[in-house]
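Listed below, chain by chain, are the residues.
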Amino acid sequence: MTQAREATAARTVTSTPLADGCAVLGRHLQRIKAAPGVLILTQTMPITMLLFFGYVFGSALAMPGQEYRAFLVPGLLAATAANGIMTGMFQSAQDCHRGVMDRFRTLPMSRTAVPLGQTAADLLTTAIGMVPLILVGLAVGWRIEGGPSAALGGFGLLLLFRFATSWLGCWLGLLIRNEEAAGQLGSATFILPLLSSAYIPTDNLPGLLRTVAEWNPISAMAAATRDLFGNAAPSADAAWPAAHPVAGTLAWSAALLVVFVPLAVRRHARGGE
Amino acid sequence: MTTTYAVLSEGLEKRYGDVHALRGLDLAVAEGAVCGVLGPNGAGKTTAVRILTTLTAPDGGSARVAGHDVVREAGAVRAAIGVTGQSASVDDELSGRQNLRLFGRLLGFRGEAVRRHADALLERFELTEAADRPARTYSGGMRRRLDLAAGLLTRPQVLFLDEPSTGLDPHSRNQIWAAVRELAGRGTTVLLTTQYLEEADQLADDIVLIDRGRAAQRGSPAELKARIGSYAEVVVAHASALVPAAAVLDRLTGAEPVLDHERRTVGAVATDTTLTLPRIVRELDAAGVPLIDASLRPPTLDEVFLRLTDRGDGRTSPPLKEATA
Ligand SMILES: Nc1ncnc2c1ncn2[C@@H]1O[C@H](COP(=O)(O)OP(=O)(O)OP(=O)(O)O)[C@@H](O)[C@H]1O
Ligand SMILES: [Mg+2]
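Reading guide: rules and limits
- Residues numbered from 1 in each chain as written.
- Chains lettered and ligands numbered in written order.
- Predicted model: local features only at pLDDT ≥ 70, side-chain atom pairs only at ≥ 80, totals over all residues.
- Heavy atoms only, no water.
- Donors = N, O, S within 2.8 Å, 3.2 Å for Na, K, Ca; no water.
- Helix = DSSP H or I, 4+ residues; strand = E, 2+ residues; numbered from the N terminus.
- Axes fitted to C-alpha atoms, helices over the stretch in contact; angles between N-to-C directions.
- Parallel < 35°, antiparallel > 145°, perpendicular 65-115°, else oblique.
- Contact = heavy atoms within 4.5 Å.
- Nonpolar A, V, L, I, M, F, W, Y, C, P; charged D, E, K, R; others polar.
- Pairing = 2+ DSSP bridges.
- Salt bridge = Lys/Arg side-chain N within 4 Å of Asp/Glu carboxyl O.
- Buried < 20%, exposed > 50% of the residue type's maximum accessible area, 1.4 Å probe, protein only.

1. Points about the coordination of the magnesium ion (ligand 2)
Protein coordination at the magnesium ion (ligand 2): the donors are B:T46 (OG1) and B:Q86 (OE1), at 1.9 to 2.0 Å from the metal. Of the two residues, B:T46 is situated in helix α1 (residues 45-52) and B:Q86 in the loop between β6 (81-84) and α3 (96-106); the sequence distance between them amounts to 40 residues.

2. Regarding the packing of helix α4 (residues 68-82) of chain A against helix α8 (residues 148-176) of chain A
Residue and element names in this part refer to chain A. Following both chains from N to C, one finds α4 and α8 inclined at 30°, their axes separated by 7 Å at the closest point. With respect to α8, the axis of α4 lies roughly parallel. Taken together, the residues of α8 that come into contact with α4 (itself represented by L77, A78, T80, A81 and A82) are L158, F161, R162 and T165. Class assignment for the residues of the contact of α4 with α8 results in 6 nonpolar, 2 polar and 1 charged.

3. Brief notes about the pairing of strand β4 (residues 60-65) of chain B
All names here are of chain B. The sheet contact formed by strand β1 (residues 5-16) and β4 spans 5 bridges and is antiparallel. The residue of β4 that forms the bridge with E13 is G60. Examined bridge by bridge, β4 and strand β5 (residues 68-69) share 2 bridges and lie antiparallel to one another. Looking at β5, one finds that R64 is bridged to D69. Connecting the antiparallel pair β4 and β5 is a turn made up of 2 residues, with A66 showing a positive phi of about 55°.

4. Here we look at the pattern of salt bridges
On inspection of all chains with the given rule, the structure shows 28 salt bridges over all chains. Of the charged contacts in the structure, one is a salt bridge between A:D95 and A:R27, with a shortest N-O distance of 2.8 Å. Here A:D95 is found in helix α5 (residues 84-97), whereas its partner A:R27 is found in helix α2 (residues 17-34), with 68 residues between them in sequence. For the residue pair A:D95 and A:R27, the accessibility class agrees, reading buried in each case. Among the ionic pairs, A:D102 bridges to B:R50, the shortest N-O distance being 2.8 Å. Placement of the pair is A:D102 in helix α6 (residues 100-106) and B:R50 in helix α1, with the two residues belonging to separate chains. Overall, the relative accessible area of 18% leaves A:D102 in the buried class.

As structure tokens, this is what we get:
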């Protein structure tokens, strides 16, 4: 164990959230490299939906003055951003379930590092994972019709929203702690964008449903994306977050982060009880 | 010189719903000692280890590890300990090498030191060949060894091992034992739980027997053996002699004899230290028992275990004298 002693001498005493978070981020990237199938599958999903909805429903959905597929692409980007709930939840529940969380929790590392590394990795993979959807979107006729800075803002907002939802998911997973249960609940989250303006305009929905859909953060995200990419202006008579989608999405994201970052960190620090 | 304790717990309580997993567990492990915690399934060993390693908060009582409170100073405790839990705590999708490097980084090793250190541990636990395969493809024993390696990335002040050799072949078990002895030789305090009494006998300076969430007995392996007395066992020529032989042993030892018809043996625990083998032989001979073999030996820890925790064969044992401190 001579090496052990040498190595002990080489240890830095202080562990910082950033260095530890980077180590955890590296772990998640290595996992993706080892088993890229899962990521490819999750990225294929919205493309399949684009082609399916776009060509099957698109012909039946008459939208005045607008091509349905151009309406759908920003909606799918928004739904992808909201998917952080599912992936975050599954990842942290799996880590609890399989015991690696116990290892992290006995190490003298920053308590923020595990959720931070996880959500940062998720952000990175989402940024890359959106590219194929955008390319297919362009191929089926969607265009970025606004200015470049607004478009950049659109991507930034999508990533911010994804980051926020993945913290929420992270917290949920730490609550559930069971891989199968998290998987089940995760597949149930597909309903969330259905109750928003991601796939359909909400103007014609009946009373209560319309209110729910307009207050759904995914509606604000979808409207903000359409706004910033210059595809469609937000409808002025909608609920506040949908009528002011950029501010609304910023507010929703900030609220999610303010609530769920501390909750997830605390939950992680305390373990499962 | 006053003893300093690396692990000290007082009245630890833990409930899981209706299950009272710990009911006032007291533990004291002197610095540099190896303490073996023995107990049947469900005794509370894992619960105790989880509390001491900051994974679970106790419902009552207190514990200090390396001088730090496990609840209020959890960070300082984590900096002082190495842990290998009962169930694997590595990332299945990563390879053994990636796992060790990751944990090494999180322990504060950097750059070349991480790589060298991880490789040395892989070598030591004979995982070099499988080092680059995902851990989910490892056999149970290999995964166990990887988990143990992860617990030994630092030379901890206090090392916790929850059933370290469960599922290991004798060769791997010897490796673990060697690692524990080496660390103990360098001053690391070790608390290990085990179901293998031989393991506690081999490694531990002190043994704590826990039963139903409480320490039932404690002492050195020799003390525990002395406390329970010796084990008298005789072999008779034919089965019909078993009952008369049992009657004699019952009279001599005062303990209820155990009959084994297949092996034609009768055994009984003898707490009377004045009982000798010649006397047993004389008395049996006088009773006309056709004796083939007789022995009076210190009990194995298995026998201690079964007896002191009143488990196994369902018999109740006579009350045991507590060792006077
Ligand atoms: N998370 C939990 N939820 C509910 N009950 C639990 C939990 N953990 C432990 N228990 C219960 O607490 C008791 C003590 O369990 P523990 O795992 O500490 O026993 P053990 O001595 O380690 O047993 P084994 O030798 O089987 O590993 C058991 O009755 C067990 O069912
Ligand atoms: Mg256990």
